[in-house]
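# Residue-level structural notes
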Amino acid sequence: MTPTQEHLLKLLLEIDEICRRHDITYFLEAGTLLGAVRHNGFIPWDNDLDITMKEADYDRFVEVCQQELDPTKRVMADNRRNREYPSVFGRYIDRETCRINNTTLFWDDYIGQSIDVFCMVELPADPEDIYEAEVRYNAYDEVVNRSFRHLRRKRSYTMDRYNEYLKAYETDRDAFLAEVEPKIFGHTYEGSQWYMVTSANGYNILPRAPFEKVAYVPFEGHMVPIPEDYFDLMVYYYGDTFGLIPDKKQIHTEMSHNHIPCKYYSDEFRACIDLPEFLSKRATWKNDMMQEGAMWTDAYLDYTSCLGLMLKMDIEDEIAEKNIDVMDLVNNPTPEGDEVLRNLFKLYIERQTSSTVVYAKCHLALGEELEYAALYTALLLYGNRAAFDDMISVRTVNRVPMTDRIQNLIDYARHYRAAKKFILYREFAKSQEHIDWCVERHGTNNDFKTMQLMVDSGLAETADDWQSVLNSAEEILVESPDNEYAWEAKADALRFMGENEQANEIYVRLRDTAVDGFVMNRAIQQVGPSETPRFSTTKK
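Everything in this summary refers to the structure shown in the same document. Keep in mind the model is a prediction, meaning the values are calculated, not measured. (Residues numbered from 1 in each chain as written. Predicted model: local features only at pLDDT ≥ 70, side-chain atom pairs only at ≥ 80, totals over all residues. Heavy atoms only, no water.)

On to the overall build of the chain, then. Summing up its helical and strand segments, the chain has 20 helices and 11 strands in all. Expressed as a percentage of the 540 residues in the chain, the buried residues total 50%. Look at the contacts in the chain between residues 6 or more apart in sequence, and 68% of them connect residues 24 or more apart. Element-wise, carbon and sulfur atoms account for 49% of the exposed surface of the chain, whose accessible area totals about 25,900 Å². (Helix = DSSP H or I, 4+ residues; strand = E, 2+ residues; numbered from the N terminus. Buried < 20%, exposed > 50% of the residue type's maximum accessible area, 1.4 Å probe, protein only. Contact = heavy atoms within 4.5 Å. Areas by Shrake-Rupley, 256 points an atom, 1.4 Å probe, with all protein chains shown as cover.)

Here it is as C-alpha cells:
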C-alpha cells in the first residue's frame, strides 16, 4: 500500500469500530467496492476511499460522530448540519492531516485526509414521483455545491423543471435549502425499489435489492462489509467488464500530507487576506455562478439537441441511400440483415453511450423505428450490458413500444447477465440454468462456449470431467489464443492431473499478465504474489 492508502485504511477501521459499536450498517462503495472484490483491497493505483449508508444509518453515524469525536482531530462533515460545508455527501475527515488540490479553497477546515460517506435516500415506487425527486435533488445538489461542476452529469429530462427551481431561489440559498430538504430526506415509501445515492457525480440511482443483505470480504487483511449481491452495482458503475484491469489508470490529483494539519494551511491563507471582504466576494460569486450555470445548462442542451439532429440526419441518409427497411430487418431477422443493422447503428450506439451525450439522451429522440432497431442491435448484436442499460433508458424516455420481440431480447440479456454473475459468485449450477435458457433460444457463440467452460471447470470432480474441461479449453485456445479464462481452466485441469509444473507456468503467466482482475487473483492464490510489483502508483 501507498502511505495515503495506509492512512485511509486507518480511518476506515475507525469508522468500522464506531459502526460496530453502535450497530450502524455501512457498505464499501464505487471504486473501493471494486477494489475489494477484484483486488481484495485498494485498487493498486487508487488514493481514495468511499463508503455508503442507508439514510437512517447515515443520520445516526453523523450524530454519533458529533458526540464522540474530538473536533480538533476528526470531524464528520455534513451540509445539513453545517451550511459552510460545500458538498451534498459527507466526509469523515482527519484534521491532523492535509489533502489539497487545485480547486481547494483554503478558508475551508475540510481539507484533511478523508473518506467519502454517501447517503442512500429512499425513492418512491411511482416513476412520476421518482422524476419529481430527481428534479428536487438536482436543484439541491447545485445550490449546495460551490459551483456547477456537476452540471454536465445531470439527467437532462429533468432540466426544465430543475431550472424553474433554481431561478426561483437563486438569490436566497438558505431559504431554498430549508424548503427543499424536508421533501428529499426523511421519507420511506411502500413498494420502493430504488435508492438515490448522494455522490461526487451529483447522484446515482441504485436498486434496493443488493443492499438487503451484508457480506464480508477481505480488504487489506481486514473483513469489511459489502452488499451481498454486488454484481449489479459493479455493472451499473463500470459495465459488464468491471473485472478487467484498465490500461489507463486514473487517480485523484490531490497532494497529501499525513503529518501536517489542514489548519496550518487554512491559517496561513487567512493571514494573507481580508476575511470579511473575502466572504462577501464569495457570496456574490456563488450567486453569479448560479446564474451562469443556468445559462451554461441551456447552451449544453442546445448543443446535445443539435448533435442528436445531426446524428439522426446521418442515419436517415444512410437508410434512404441504401433503401433499407429497418423494421423488416428487425422483425424478420437473418444473418445478412443483422449485419446491415450492425453497420447502420454502430455510430448510433457509440454516440449514445459516449461521455459527451450519455446524460442527454432524451434529446437524441430519433423516432420510434430507429430507437427500436437500435435497442435490438445493442441487445442482440453487441452483447454489451452498459449499452443495454443506456438503450433501455432511451426506450423509456422516448416511449418506444415494448413488443414481444423486444421483451424477448431483454429477457435474453438478463439471463446472459445472470449467467455471468453466478460464475463470478462461483455458483456454477445456477449459472448453468441461465446458460441453457439463452442457448436454447438464441444458439451458442464464443462467449457462451467460454462461460460453459468456466462452469464445467467449476463443477468438475472426476478424471473424465477434467479431461473434458482440458479438451474444451484447448479447442477454445485454437480459435482464441489469448483467452485467459480458457488458460485458467486448462491450468486447473493440468493441476488435477498432477501436471503441476505445466499448471504453475500458466498460473504465473496469468498472475503477471491477466487483464481480468479475478483471474489474476485466483492465480495469485495458486502460486503466490510476484516478487516484482505488477502495478506502479507513481504518477507519470
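After that view, the rundown keeps rolling.
Another point: the packing of helix α2 (residues 30-39) against helix α20 (residues 517-527). Packing of α2 against α20 brings their axes to within 8 Å, and their N-to-C directions diverge by 45 degrees. Comparing the axis directions of α2 and α20 gives the class oblique. In this structure, α2 uses V37, R38 and H39 to contact α20, whose residues at the interface are G517, F518, M520 and N521. Residues belonging to the contact of α2 with α20 are distributed by class as follows: three nonpolar, three polar and one charged. (Axes fitted to C-alpha atoms, helices over the stretch in contact; angles between N-to-C directions. Parallel < 35°, antiparallel > 145°, perpendicular 65-115°, else oblique. Nonpolar A, V, L, I, M, F, W, Y, C, P; charged D, E, K, R; others polar.)

With that settled, consider a nonpolar patch on the surface. Nonpolar side chains collect at one region of the surface, where V214, Y216 and M223 lie side by side and expose about 280 Å² of accessible area between them. Mapping V214 onto the fold places it in strand β9 (residues 214-219). (Patch = residues over 30% accessible without salt bridge, like charges linked within 9 Å, V, L, I, M, F, W, Y side chains within 5 Å. Salt bridge = Lys/Arg side-chain N within 4 Å of Asp/Glu carboxyl O.)

On to helix α19 (residues 500-513). The end-to-end C-alpha distance of α19 is 20 Å, a good match for the 20 Å that 14 residues give at a rise of 1.5 Å each. Those residues of α19 not exposed but buried are A503, I506, Y507, L510 and R511. Here the buried residues of α19 occupy an arc of 140 degrees about the axis, which is enough to place them on one side. For α19, the exposed residues set more than 90 degrees away from the buried face come down to E501 and T513. Contacts made by the buried residues of α19 are with α18 (484-496) and α20. (Expected span 1.5 Å × (residues − 1). Arc of directions from axis to C-beta.)

What the rule picks out here adds up to 12 aromatic pairs. Centroid distance W466 to F496: 5.7 Å. Interplanar angle 25 degrees. Geometry classified as stacked. Pair noted here: W466 is in helix α17 (residues 463-479) and F496 is in helix α18, with a separation of 30 residues, a long-range link. A cation sits over an aromatic face here: K421 above F422, 5.7 Å from the ring centre. The ring of W487 is capped by R509, whose NZ or CZ atom sits 4.6 Å from the centre of that ring. (Phe/Tyr/Trp six-rings, centres within 6.5 Å; stacked < 30°, edge-to-face > 60°. Lys NZ or Arg CZ within 6 Å of the ring centre and 35° of its normal.)

Spanning 13 residues, α18 covers 18 Å between terminal C-alpha atoms, matching the ideal 18 Å at 1.5 Å per step. Residues of α18 that are buried make contact with α16 (446-459), α17, α19 and α20. Of the residues flanking the end of α18, it is G498, one or two places downstream, whose phi is positive at about 90 degrees.

All right, on to the pattern of salt bridges then. Scanning the model with the defined rule gives 21 salt bridges in all. The closest approach of N and O atoms between D59 and R81, which form a salt bridge, is 3.4 Å. Separated by 22 residues along the polypeptide, D59 in helix α3 (residues 55-68) and R81 in the loop between β3 (74-77) and β4 (90-94) bring together distant segments of the chain. Accessibility expressed as a relative area gives 35% for R81, which makes it partly exposed. With a shortest N-O distance of 3.7 Å, R441 and E440 are connected by a salt bridge. Residue R441 is classed as partly exposed on the basis of its relative accessible area of 40%. Overlapping salt bridges bring together E14, R74, D94 and E96 as one network.

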